[in-house]
Each structure stands twice: as structure tokens, then as C-alpha cells.
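Okay, here's what each chain looks like letter by letter:
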Amino acid sequence: MENEISTGTNRTGMKTSPVHSRELLEVRELQKTVPDPEIDHVALRTSYLAEAEPVGSMPPPPTLRGMAGTAMQALTGRKMHVLLDKLAERAAFERTGTRLYDMMLQKVAAAPSLPSGMTIEGVRQIRDEEHGHFQLLASTIEELGADPTAMTPCADVTGVQGLGLVQAMGEPRLTIAQALSTLLAAEVIDNASWELLIDLARQFGQDELAERFTNALAAEKRHDATVRQWLAAALREEAEIG
Ligand SMILES: [Fe+2]
């Protein structure tokens, strides 16, 4: 198959060198008894936590036009920006998801073989659905009178979270199994987040939106199951389990 993991050259574990590991543990004990007089890390971080302002802010409230107009007016008292922030978050993550699958497509195209059951077409289908979800969210935000290009606080946070996934996926040395576990992390987040978004939309009286999102959730459930299957097959083949 693709680049296989070898054994025998990894010397990162402490058991590689009992002498050095003993010295390391001695230093740790020493540090416990002599605290750094210059910096109290816990106090420093506590002060940052106490003084921190929110990550960004929301754009001004959307106009009450379009499909949401009447529904929104019935919602006096509810903070529409909370729903809009979560919509923008989902849009940002689906965009990250599309990029992750774009990278996976390039990887599988270059791979000499794939785990049984996994196909380039299968990967492309999920990629296109993630992209479709991004477009659905962008048009939903637009219909609610807001700006889908605005970077909202939750979109910002999810973008930072997704950096780790994009960084892992961009590593050329990843095996197909490692790439699939990266996609699985994204799919688990996708599933939980769509469920929460559907609930929230319902609580805002946006049943029609919730219906649309239910289709997206059904697709995400398929993605999760498919990626799990591919990953399980990859691991079986890697371990040479018949
Ligand atoms: Fe997905």
C-alpha cells in the first residue's frame, strides 16, 4: 500500500534511556521545590482570563427583509445574533471541511492503492456535499438579511480549531489511515454541530430552516459512517488482519 510505518528507529520514549529519564525526573523534582521567583504562570494566566474581551463582535443587526421578515418580527426579545453567529460558524467549518476533502482528493489520486471500499468518487461526493452545505449556509445567512462574508466570533473560533486539522492534512507524510482519522474528527464535529444548529433554529421558530438543515445532517451521518468504514478497512490492512 502507501507509505508504511516502520518499527525500530523511534527513540522518543523515556524507556530508550533509563539514565537520562532518571535525570529528567530529578530536575522535575527540583523544580517543584524551587519555584521560579520571576513568573507565577498561574497568576499570569488568571489575570489574562479576568481581563480578556470577547473574540470579535457581531455586525449590526440585519434588516428585517426577505423570507425571515415576518418570522423575525415575531421573535422580539430573542437575540438573533446568536443564531447568525452559529450559522456563520457552521459555514466557516464547512468551508474548512471542503478544503480537507480537497487535500484528501489530491492524496488519494497520488496513492498507489486505497483501503478496500474507498474510492476517489466516494471522496469527491463527500467533498461536494461539504461544499453544498457551505453554500446552503451562506445563502441562509443572506436570506436572513445578514452578510455571509462577515467573520463572526464563533466563525473565528471554529476557524482556529480547524487549523489543527488543516495542518495535519497538509502533511505529505500522512498515511491514508492518518488522513482518514483527521477527516473523522471533522465529521464528528459536523454531526454534533448540525444537531445543535437544528435545535437552535427550531427554538427561533425557524422550522423551515430546521427542515433544510435536517437534510444536511442526514448527509453528515453518511459521511461519518463512510469515513469510519474506510478507516477501519485501512487499519485492518495495515495490521494485516485477514
Ligand atoms: Fe461532513
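Residues numbered from 1 in each chain as written. Predicted model: local features only at pLDDT ≥ 70, side-chain atom pairs only at ≥ 80, totals over all residues. Heavy atoms only, no water.

**Observations regarding the overall build of the chain**
- Along its length, the chain carries eight helices and zero strands.
- The C-alpha atoms of the chain give 23 Å as radius of gyration, which overshoots the globular expectation for 242 residues (18 Å, by more than 25%).
- Principal-axis analysis of the C-alpha atoms places the extent of the chain at approximately 75 × 55 × 25 Å.
- Taking all 242 residues of the chain together, 35% fall into the buried category.
- The contacts in the chain between residues at least 6 apart in sequence include a share of 81% that link residues at least 24 apart.
- Carbon and sulfur atoms provide 57% of the accessible area of the chain, an area that totals close to 15000 Å².
- Across the chain, the centroid of the 23 positively charged side chains sits 2 Å from that of the 35 negatively charged ones. (Helix = DSSP H or I, 4+ residues; strand = E, 2+ residues; numbered from the N terminus. Rg over C-alpha atoms; globule rule 2.2 N^0.38 Å. Buried < 20%, exposed > 50% of the residue type's maximum accessible area, 1.4 Å probe, protein only. Contact = heavy atoms within 4.5 Å. Areas by Shrake-Rupley, 256 points an atom, 1.4 Å probe, with all protein chains shown as cover. Lys, Arg positive; Asp, Glu negative; His and termini not counted. Charge placed at Lys NZ, Arg CZ, Asp CG, Glu CD.)

**Side note on the coordination of the iron ion**
- Donor atoms from the polypeptide that bind the iron ion are Glu130 (OE), Glu187 (OE), Glu187 (OE), Asp190 (OD), Glu220 (OE) and His223 (ND1), placed at 1.9 to 2.8 Å.
- Metal-centred angles of 51 to 169° between the six donor atoms at the iron ion mark the site as irregular.
- One chain supplies every donor for the iron ion, spaced along it as E-x56-E-x2-D-x29-E-x2-H. With glutamate 187 in helix H7 (residues 176-203) and glutamate 220 in helix H8 (residues 207-238), this pair connects stretches of sequence that are 33 residues apart. (Donors = N, O, S within 2.8 Å, 3.2 Å for Na, K, Ca; no water. Tetrahedral: all angles 85-135°; square planar, octahedral: opposite > 155°, others 65-115°.)

**Topic: unusual backbone geometry**
- Within the chain, glutamate 240 stands out as a residue other than glycine whose phi angle is a positive 55°.
- Position of glutamate 240 among the secondary structure elements: in the segment after H8.
- Among the residues examined, glutamate 240 registers a relative accessible area of 68% and is labelled exposed.

**With respect to the pattern of salt bridges**
- Taken as a whole and assessed by the stated rule, the structure comprises eleven salt bridges.
- Among the charged side chains, a network of salt bridges with common partners joins Arg90, Glu94 and Asp190. (Salt bridge = Lys/Arg side-chain N within 4 Å of Asp/Glu carboxyl O.)

**Examining the packing of helix H4 (residues 80-110) against helix H6 (residues 153-169)**
- Relative to each other, H4 and H6 sit at 15°, their axes nearing to 8 Å. With respect to each other, H4 and H6 are oriented roughly parallel. Seen from above, H4 lies across H6 with right-handed handedness. Counting all contacts with H4, which are made through Asp85, Lys86, Ala88, Glu89, Ala92, Phe93, Thr96, Leu100, Met103 and Met104, the residues of H6 involved are Pro153, Cys154, Ala155, Thr158, Gly162, Leu165, Val166 and Met169. (Axes fitted to C-alpha atoms, helices over the stretch in contact; angles between N-to-C directions. Parallel < 35°, antiparallel > 145°, perpendicular 65-115°, else oblique. Left-handed = near helix turned anticlockwise from the far one by under 90°.)

**What to know about the environment of leucine 137**
- Mapping leucine 137 onto the fold places it in helix H5 (residues 120-143).
- With relative accessibility at 0%, the residue leucine 137 sits in the buried group.
- Taking the C-alpha atoms as reference points, leucine 137 and phenylalanine 213, 76 residues apart in sequence, are found 9.0 Å from one another.
- Those residues in contact with leucine 137, other than ones at most four positions away along the chain, are Leu87, Arg90, Ala91, Glu94, Trp194, Leu197 and Phe213.

Remember that the coordinates give geometry; whether it matters functionally is a separate question.
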